[in-house]
Amino acid sequence: MPSFLPDLAVIATFTAAAAVLTITPGPDMALFMSKTLTQGRKAGSVAVMGAASGVVVHSLFAALGISALLAASATAFSILKYAGAAYLVYMAVQAIRNGSALSLDAAPGRKERLSRIWLQGVTINLLNPKIVLFFVTFLPQFVSASDPFAAQKLLFLGFYFILLAVPSCLLMVFFAGSFARFLKSSPRAMRLFDWTFAGVMGAFALKLLAAQAAAR
């Protein structure tokens, strides 16, 4: 297996977590769904690609920054993981307390240039501090401080997340009308998203703390 690939168990766990995160409503989903409903599928697809471009930048910075920290101090990397566990718990609590940040405006609007829509997609992920914290705290859960190929694996996981997310988001764009009606008419489904997201974040936090305790 190439050195940049995590083992199959890690990839399987990451895939499951990424799938839940992808379908959990948030600001980026609100953007590409609203663009689809107001300006058509082409606009929605461009918004998806813009959001994915923002995630590419986050993946690069997260991998480079975390790798530099790992090279400087294994202890600092462990502290980052503990901070990550605390942040994952915070995200879980916020999802249960405040619910999903999905607000869809289906009123027809003025057609925008596709370049502008793409830039909106980039901006909504690139300038969102929660996305920054998420990548800095989520990706390290899947690499070891003693792994000499940690940087390559972090990059692989970042781009693998995009590979998983983009087709799913484009599918939502294609079925945007039906998907939006389902979410609006089913508060129970929205709460299910929230509790599923909270469960995934909480499980990763517990897994991290248990692994760190066992390593001591």
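The structure presented is a predicted model; accordingly, all values stated were derived computationally and were not measured.

**Side note on the side chain of Thr22**
- By the secondary structure assignment, Thr22 is in helix H1 (residues 8-23).
- Within the structure, the side chain of Thr22 is placed 2.7 Å from the backbone oxygen of Ala18, a separation counted as a polar contact.
- Contact partners of Thr22, with chain neighbours within four places excluded, come to Met29, Phe161, Ala165, Ser168, Cys169 and Met172.

**Examining the packing of aromatic side chains**
- Under the defined criterion, the tally for this structure stands at four aromatic pairs.
- Geometrically, the ring pair formed by Phe14 and Phe142 is edge-to-face, given 5.0 Å between the ring centres and 85 degrees between the ring planes. Highlighted residues: Phe14 in helix H1 and Phe142 in the loop between helix H6 (129-138) and helix H7 (150-174), separated in sequence by 128 residues. Each of the two residues, Phe14 as well as Phe142, counts as buried.
- Between Phe174 and Phe175, the aromatic rings sit 4.9 Å apart at their centres with planes inclined by 80 degrees, giving edge-to-face as the arrangement.
- Assessed through its relative accessible area of 43%, Phe174 is described here as partly exposed.
- Members of the aromatic cluster, each reached through a chain of ring pairs, are Phe14, Phe142, Phe156 and Tyr160.
- Above the ring of Phe174, the side-chain terminus of Arg41 is found at 4.1 Å from the ring centroid.

**Considering helix H2 (residues 27-39)**
- For H2, spanning 13 residues, the distance from its first C-alpha to its last is 18 Å, which sits close to the expected 18 Å at 1.5 Å a residue.
- With 10 of 13 residues buried, H2 lies mostly within the body of the structure.

**So, H1**
- In a regular helix each residue adds 1.5 Å, so 16 residues correspond to 22 Å; H1 covers 23 Å between its end C-alpha atoms and thus fits that length.
- Burial in H1 covers these residues: Ile11, Phe14, Ala17, Ala18, Val20, Leu21 and Thr22.
- Its side-chain oxygen 3.2 Å from the backbone nitrogen of Ala9, Asp7 forms the N-cap of H1.

**Description of the pattern of salt bridges**
- Here the structure, examined in full by the defined rule, presents two salt bridges.
- Linking Lys35 and Glu112 is a salt bridge whose minimum nitrogen-to-oxygen distance equals 2.4 Å. Of this pair, Lys35 sits in helix H2 while Glu112 is found in the loop between helix H4 (74-98) and helix H5 (114-126), placing the two residues 77 residues apart along the sequence. Each of the two residues, Lys35 as well as Glu112, counts as buried.
- Between Glu112 and Arg116 there is a salt bridge, and its shortest N-O distance comes to 3.2 Å.
- A cluster of three or more residues bridged by salt bridges with shared partners is formed by Lys35, Glu112 and Arg116.

What counts, and where the lines are drawn
Residues numbered from 1 in each chain as written. Predicted model: local features only at pLDDT ≥ 70, side-chain atom pairs only at ≥ 80, totals over all residues. Heavy atoms only, no water. Helix = DSSP H or I, 4+ residues; strand = E, 2+ residues; numbered from the N terminus. Polar contact = N/O pair within 3.5 Å; in protein donor to acceptor, adjacent residues only side chain to side chain. Contact = heavy atoms within 4.5 Å. Phe/Tyr/Trp six-rings, centres within 6.5 Å; stacked < 30°, edge-to-face > 60°. Buried < 20%, exposed > 50% of the residue type's maximum accessible area, 1.4 Å probe, protein only. Lys NZ or Arg CZ within 6 Å of the ring centre and 35° of its normal. Expected span 1.5 Å × (residues − 1). Salt bridge = Lys/Arg side-chain N within 4 Å of Asp/Glu carboxyl O.

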